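Here are the chains, one letter per residue:
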Amino acid sequence: VLLFLLFVSSNILSFRFGVRFLPYLTTSSIKLSDFESAVELIATLRTNSTSKQGLKYRSLICTIVRHDPYLMEFLVRSLITGFSHVVVYDNNRIYAGYDTNISSMLAPFIAAQLVTHVSWDQNNTDLLTNGDKVVGALQCINKYEKVADWIAYFDTDEYLYYQKERIAVDMLDDLLLELERKNACAATVPMTLMYGEAKILKQNRTLFEAYPRVCKVRPLPKILGRPRLTNYFIPHSAACKSVGYNV
């Protein structure tokens, strides 16, 4: 998928590539009409896929963030791929006087009903460890397992790429249907990194100038699973809860 995120202060621009894209917008720096336009643009990213189990979402991503400068692109990439919803566990330490308040940036995504924003331990001054992420990821999966057919846990420098017949926009449901036909409770997804281990080259630049485009697949996978059928061993493995299913 080719993604173009434009960081502009006054105009909403769009590219014609199956979907439209949006600038970095905050409710504190734009007019209400611009905010409404941003919500309208973001809403065009909504997948047409619906739950096969009569649930709220066909697919959902849990992610944990702290001072993640590429959260905007992560959200857009994930929604364009075909994920129905993203739950952002926000560990920015704003109540302790650190990091960035992302509420305004997420506001148009929330208004479009594509993102849920969860404040998570934001008065903590400790380092965010991998162990902390495991706790948060499992908490998110367990909380939302009854509202989505499929749930994945990704960091914001990772994304899922799937194409069929040279089309990648909103094609995730085709993959999920194939997995369901094969009685898969989960799939291991090779970690495709957008930037190469979150390496920042140049701060305070446009997104394409600031971060390296080292897109590569790592041997360690992340898990895309059917939560009612899957035991998640965050971050890299899973097992089926019942006989007759496979990973």
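Draft legend 1. Fine view of the environment of aspartate 132. By the secondary structure assignment, aspartate 132 is in helix α4 (residues 130-144). A residue is classified by how much of its surface remains accessible, and aspartate 132, at 30% relative accessible area, is partly exposed. For aspartate 132 and isoleucine 64, which are 68 residues apart along the polypeptide, the C-alpha to C-alpha distance reads 9.6 Å. The residues contacting aspartate 132, other than those within four sequence positions of it, are Trp120 and Leu127.

Draft legend 2. Focus on the confidence of the model for the protein. Mean pLDDT over the protein stands at 80; residues scoring 70 or higher make up 75%. The model gives residues 1-30 a pLDDT under 50, and that stretch makes 71 contacts with residues more than four places away or in other chains. Predicted confidence is poor over residues 195-201, with pLDDT under 50, and the contacts of this stretch with residues over four places away or in other chains come to 21 contacts.

Draft legend 3. The arrangement of the pattern of salt bridges in detail. A complete count under the given rule lists eleven salt bridges for this structure. Between aspartate 149 and arginine 58 there is a salt bridge, and its shortest N-O distance comes to 2.9 Å. In this pair, aspartate 149 sits in strand β4 (residues 148-153) while arginine 58 sits in strand β1 (residues 57-65), placing the two residues 91 residues apart along the sequence. The burial state of aspartate 149 is the same as that of arginine 58; both residues are buried. A salt bridge links aspartate 173 to arginine 58; the shortest N-O distance between them is 2.6 Å. Within this pair, whereas aspartate 173 is found in helix α5 (residues 172-181), its partner arginine 58 is found in strand β1, the two being separated by 115 residues in sequence. We note that aspartate 173, like arginine 58, is buried.

Draft legend 4. Structural view of the pairing of strand β8 (residues 230-233). The alternating pattern of β8 places Thr230 and Tyr232 on a buried face and Asn231 and Phe233 on a face that is not buried. In sequence, β8 turns back onto strand β9 (residues 237-240) through a hairpin of three residues.

Draft legend 5. Structural detail: the environment of leucine 127. Mapping leucine 127 onto the fold places it in the loop between β3 (115-119) and α4. Residues leucine 127 and arginine 66, spaced 61 residues apart in sequence, show a C-alpha to C-alpha distance of 9.9 Å. Not counting chain neighbours up to four residues away, the residues in contact with leucine 127 comprise Arg66 and Asp132.

Draft legend 6. Here's a closer look at α5. Buried residues of α5: Leu172, Asp173, Leu175, Leu176, Leu179 and Glu180, and no others. Looking straight down α5, one finds that the buried residues subtend no more than 155 degrees of arc, so they occupy a single side. At the C-terminal side of α5, asparagine 183 shows a positive phi close to 55 degrees.

Each value, and the rule that gives it
- Here the residue numbering is sequential within each chain, running from 1 through the sequence in written order.
- For a predicted model such as this one, the threshold for reporting local features is a pLDDT of at least 70, and the threshold for listing and counting side-chain atom pairs is 80 or more; totals across whole chains, interfaces and linings nevertheless cover every residue.
- Water and hydrogen atoms were dropped before computing side-chain values, which therefore reflect all heavy atoms in the structure.
- Counting from the N terminus, the helices are the DSSP runs of H or I reaching at least four residues and the strands are the DSSP runs of E reaching at least two.
- Relative accessible area decides the class of each residue, using a 1.4 Å probe on protein chains only: under 20% of the type maximum gives buried, over 50% gives exposed, and in between gives partly exposed.
- Any two residues whose heavy atoms approach within 4.5 Å are treated as being in contact.
- Each residue carries a pLDDT value, the predictor's own confidence for that position, ranging from 0 to 100.
- Every case where a carboxyl oxygen of Asp or Glu lies within 4 Å of a side-chain nitrogen of Lys or Arg is listed as a salt bridge.
- For two strands to be treated as a pair, DSSP must find at least two bridges joining them.
- What the arc covers is the set of directions going from the helix axis to the C-beta atoms.

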